[in-house]
Amino acid sequence: MSYRVNNAEIEGQHPLIKVTPVRFLRIRLILIIIISIITGCMFALALRWSKKLYNWFLFTPCNVEETGTHYRVDTQNGQQFTLEKQQMNGIYYFTFRLLKYAFDPKTQCYQPIEFETDGKIIKDIIANRNVLTQNLKIQYYGKCQLQIPIQPLAEFLFEHLTGPFNILQYFAVAVWFAQNSITFPILILAFTAIAVIVNYILYRRSRSLLQKLANIHQNVILKDDTLRTVNGSELLPGDYIILQEGQQLNCDCAILQGDVMVNEATLTGENVPIPKTSLPDHSAKFNFESLNQHCLFEGTSIVKVNSTTENVAIVLRTGFSSLRGQYFRNVLFPAPPSQRFYIQAAKFILTFATIIAVVYGFMLIKYIPMEFKTSLLVLRFLDNIVWSIPPSMPIFFNICKTASLIRLGSIGINGSNADKIESAGRIDTCCFDKTGTLTTLGLKAIKVWTHDQSLEQIGNYILACCHHLLLINGELQGDPLEIEMLNFIGWKINFEGKSFFSVKKDQQEFEIIKIFDFSSARQMMSVIATDGTNFYLFSKGSPEMINQQSQDKKQVVLDEVKKYASNGFRVLGLGYRKLNNNQLDLQREELETQLNIVGIFVLENPLKDDTPQVIQILRKSGLDIKVISGDSPLTTIYCAKISGIIDLNSEVVILDYNSSKRQIVIFDNDNQTNYDENAIENQNLIEQIIQNPKMTSITDTSLSMTQNNSSNQIFSDNNSIEFDDTKMKEMTKKLISKTRVFARQKPEQKKQIVALLQEMGRQVMMTGDGANDCSAIAQAQVGISFSESDASYTAPFSSKSTSLKCCIQVLAQGKAAIMTIIEVFQYQLSVNGIKFAAVTIMFLEVQNFSEFQTVYVGFISNIPLLIFLCISSPATELAEYIPLDDQFSYQNQIQIYTNIFFAVLGLCINYGILTTTDRYFEYSKPIEKFQREGYLNSIMFLSLMYYFMSFGVSIYISNPFKVKYYKNILLTLWTTLGFVVAIVSFIFPQRATWCDVIDIKEGTFEGFNWVVLAVVIGTSFLGFFSQALLQRYIPSMYKITHTS
């Protein structure tokens, strides 16, 4: 029986969907041991590799929760895990990704174990904070610290040395040892061991760095009946702590008494002091999002506290349940990478192995009459299988990705997940946040506009007073907008002897006696100020909200707002009201009504210097570019136009939804059309917008399409329309696909937009600069952050520079890495194919490679070439194509088979040439061993020396993803050296010393060495020329296209 999960906010990006109690079948464990012994442990390994087989064979579902020994859990992204059932204080639970889950009998659901606050009455939370004893709290919630798990070396080695390719490698080594080959298998094992150990060193270094970032070591003052100092790691949910200046919080908490100024740069990336006040109403329900202004989060630094009272907070979340802990869980448990490349590669390898087996079976017609010992034929068959599936392939794939991360790191872009390099090479859609990403974080004041000249002075009063700036260490700090606002009007601010501050210019002075900080719900902030005679409420915020709360609404103000917003300016509404003495203690909701609207304050948020250039490059490469912002529609649209996301002269239709009136609203230039909500009519309306661009713009649509060869752009506001039926959902996806500009989007909505794009098969990159982008960044296939906060560390890529060029560099590295992985795959299959052909031919004269020759063709020539190939750099320009990483596609298959065909043709011709001479090897029957030296052996080996280098050249595809071949200096030098050694060996085979080194029989080419060399060079050229033609007419890449 399965149970649903009552999801909680602390799960973050890793919610569970379903939990099924299961029972471990001990009798089957005995069966596993027996079958594993019979199969040489292969069955045990199969259980390790396949979670489905493991779960099916060892566990059976239970109807009663108590009878289970384990839990089978299903995640949101379709993964399934079996977790051990544990017990504490009589409660059964399991741990999934560092969070504990337990069954709730009341709701008949599983849920994370947490100090419950969401939706609870605040005074009840306080009253019940110590219902559990300290020991039980420690058991339930753990320590107040982020302990990053580090896998032990033995466990890491077991995991990375028992994969399918590793088992194949061990099988290959056993076969080679059985054929009396010693040096080569030992080198392969050593190379694998070194690679795994290096990976472990890099893994530990990465986890150690993460632990350093997670650590917050400090003492805190705990308030019980008395005050006592404890280590911060000892804090538990429900504890009272005293907030102090300079303290960095290691928990999430809510302020019960006092008020503080904090710096949330580690969460948002913005180094701005933010005021936080105590919870105003303890009879209200608690929610972190709605009461954010009264909550403090782990990683936050306290820069100032209220010195007139004791500042007390209650601890609510600790460890990995905190907001910061959720960020680190995202790093520790990234979304699983796409396995498409490896699945298709496996299909090709199986096909390739089948072809080799068939060819070998055909050759048995020749071998059996020669009276080979049966063991030789069996070992040769097993050797063929090994060569058809290169066991070292994954090592070189990892080298490709690691090299890309190193190159990015050298230019200030930190990558935390090598698999994301592959994902970056497949991106076809780029989404950007606006402020701090496309634009700078800085603001420049432009003007104050009032609807009546007589109000200009009032407008200045509002700008002078309506802010919450602080003096910290002699420096004015706060919201950059408010600092710019104060500097713009030129008033002086004074903090000495004031509860808050006073401002003065000439003979006019105001003192601030109360501050209502910005509320996202009310979309404004206000202060109460006095000039010594009268009291005033000064407000600033959303122009629409200020106008809505005014007693005399002014359409002229909204018209002016539209004019400036349409030109990309940020606009704040200004309002005020005069207060009586008996109104000073009224609630905020009562005060912020009956305002007098004054006008607007206009600021400019300029683009980053390189934004238009980067956007142009991205669009030129065929990528679909979208901006997803929390800013107003008109401002975001203007930003999209001047940055080049949409064409400057494009007509833009704004699609909105009025939830209060339940109407779809379409803005087209200055025209507004409202449509009452009706399921059928709404479907028709959305479908018309998608299919017929003229419906979105009455006048200039057809002209815009003709001139710009594009349809109108569609904009959707934050009031998202939810559709239940399948048809409307599909139309919504198409609308999202068509839309370029999204405005006033909340963090969760940003994530939803990315998810909808992914449902349409899009490969999405999300770029942002703060915590409000984290959900979308985590959802996207690739995420890039600019800030140096903990939130940015959770992004796969984080740029130290604020330049948008990092997007181009990540995408270019990704495309180059995928192309190189394809080349590594093709090279290894090609060389193994012709090695099989060479040995198959040599069998006709009972010959095989010598020990040195085996090491040379399997290690000395190939390994350096593959390593140098793996470190190929990307092209300087971003390609409008994506590498075709489907190895089972005919484009990629034909390239491999073309390489093999011409090389095998050359080997057969040279064998034919040899048969025209009298250089035959005499052998006796039955054949019990191979000769490791001979004329045919020498011809095959020297031919392979040349072909292996020629393959390195022919499979290398520079245009349009990578630098030219000759710019990869190490690869060029190595292949040149390989060509020289091969040619010299062909031309001067009589050099006795050199012949002894490479085990070449003297006199092999006497009289026809130039002919054999000409055949090798000629067939290599034909292979190279064929590859060039194939890349021109049926390239292994595809152009970026966008479908809805």
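Below or above, wherever it landed, is the structure these notes cover. (Residues numbered from 1 in each chain as written. Predicted model: local features only at pLDDT ≥ 70, side-chain atom pairs only at ≥ 80, totals over all residues. Heavy atoms only, no water.)

## Points about the sheet that holds strand S17 (residues 301-305)
To keep things clear, this is the line we draw: Strands are treated as partners if at least two bridges between them are detected by DSSP. Secondary structure elements are taken from DSSP: a helix is a run of H or I of four residues or more, a strand is a run of E of two residues or more, and numbering for both begins at the N terminus. To define axes, lines are fitted to C-alpha atoms, for helices over the stretch in contact only, and angles between the resulting N-to-C directions are given on a 0 to 180 degree scale.
Read across the sheet, three strands follow the order S15-S14-S17 without closing on themselves; strand pairing throughout is antiparallel. The sheet is open, and its two borders are formed by strand S15 (273-277) and S17, each paired with just one other strand. When strand polarity is set aside, the average angle formed by the axes of neighbouring strands in this sheet is 35 degrees. In terms of strand pairing, strand S14 (residues 259-263) meets S17 through four bridges, oriented antiparallel.

## Quick notes on the nonpolar core
What counts, and what does not: Definition used in this section: a nonpolar core is a set of buried Ala, Val, Leu, Ile, Met, Phe, Trp, Tyr and Cys residues joined via side-chain atoms within 4.5 Å. Note on classification: 1.4 Å probe, protein chains only; a residue is buried when its accessible area is under 20% of the maximum for its type, exposed when over 50%, partly exposed between these limits. Contacts: residue pairs with any heavy atoms within 4.5 Å of one another.
Core analysis: the largest hydrophobic core is formed by 98 residues, its most contacted members being Phe372, Phe825 and Phe941. By residue number, the principal contributor to this core is helix H29 (residues 805-843), which donates 17 residues. Aside from chain neighbours lying at most four places away, what touches Phe941 is Phe849, Gln853, Tyr856, Val857, Ile998 and Ile1000. If you look at the next biggest cluster of nonpolar residues, it comprises 40 residues, including Leu408, Ile615, Leu623 and Ile646.

## A look at the packing of helix H7 (residues 164-178) against helix H12 (residues 374-388)
Going by this rule: Each crossing is labelled by how the near helix is turned from the far one, with a counterclockwise turn of less than a right angle marking it left-handed and a clockwise turn marking it right-handed. Classification convention: Asp, Glu, Lys, Arg as charged; Ala, Val, Leu, Ile, Met, Phe, Trp, Tyr, Cys, Pro as nonpolar; all other residues, Gly among them, as polar.
One way to put it is that H7 packs onto H12 with a least axis distance of 10 Å and a crossing angle of 145 degrees. As for the relative orientation of H7 and H12, their crossing is left-handed in sense. Seen from H7, the contacting residues are Phe171, Ala172, Val175, Trp176 and Ala178; seen from H12, they are Leu379, Leu382, Asp383, Val386 and Trp387. Of the residues that constitute the contact of H7 with H12, the class distribution is nine nonpolar, no polar and one charged.

## Section: the pattern of salt bridges
Operational definition: By definition, a salt bridge exists where a carboxyl oxygen of Asp or Glu is found within 4 Å of a side-chain nitrogen of Lys or Arg.
Following the criterion strictly, the structure yields 24 salt bridges and no others. With a closest N to O distance of 2.9 Å, Lys223 and Glu310 form a salt bridge. Of this pair, Lys223 sits in strand S10 (residues 219-223) while Glu310 is found in the loop between S17 and strand S18 (312-317), placing the two residues 87 residues apart along the sequence. With its nearest N and O atoms 3.0 Å apart, the salt bridge here joins Glu482 to Lys540. On the criterion of sequence distance, the pair formed by Glu482 in helix H17 (residues 480-489) and Lys540 in strand S28 (residues 535-541) is long-range, its members being 58 residues apart. The exposure classification of Glu482 matches that of Lys540, with both residues buried. Here the salt bridges do not stand alone but share partners, grouping Lys401, Asp419, Glu422, Arg426 and Asp885 into one network.

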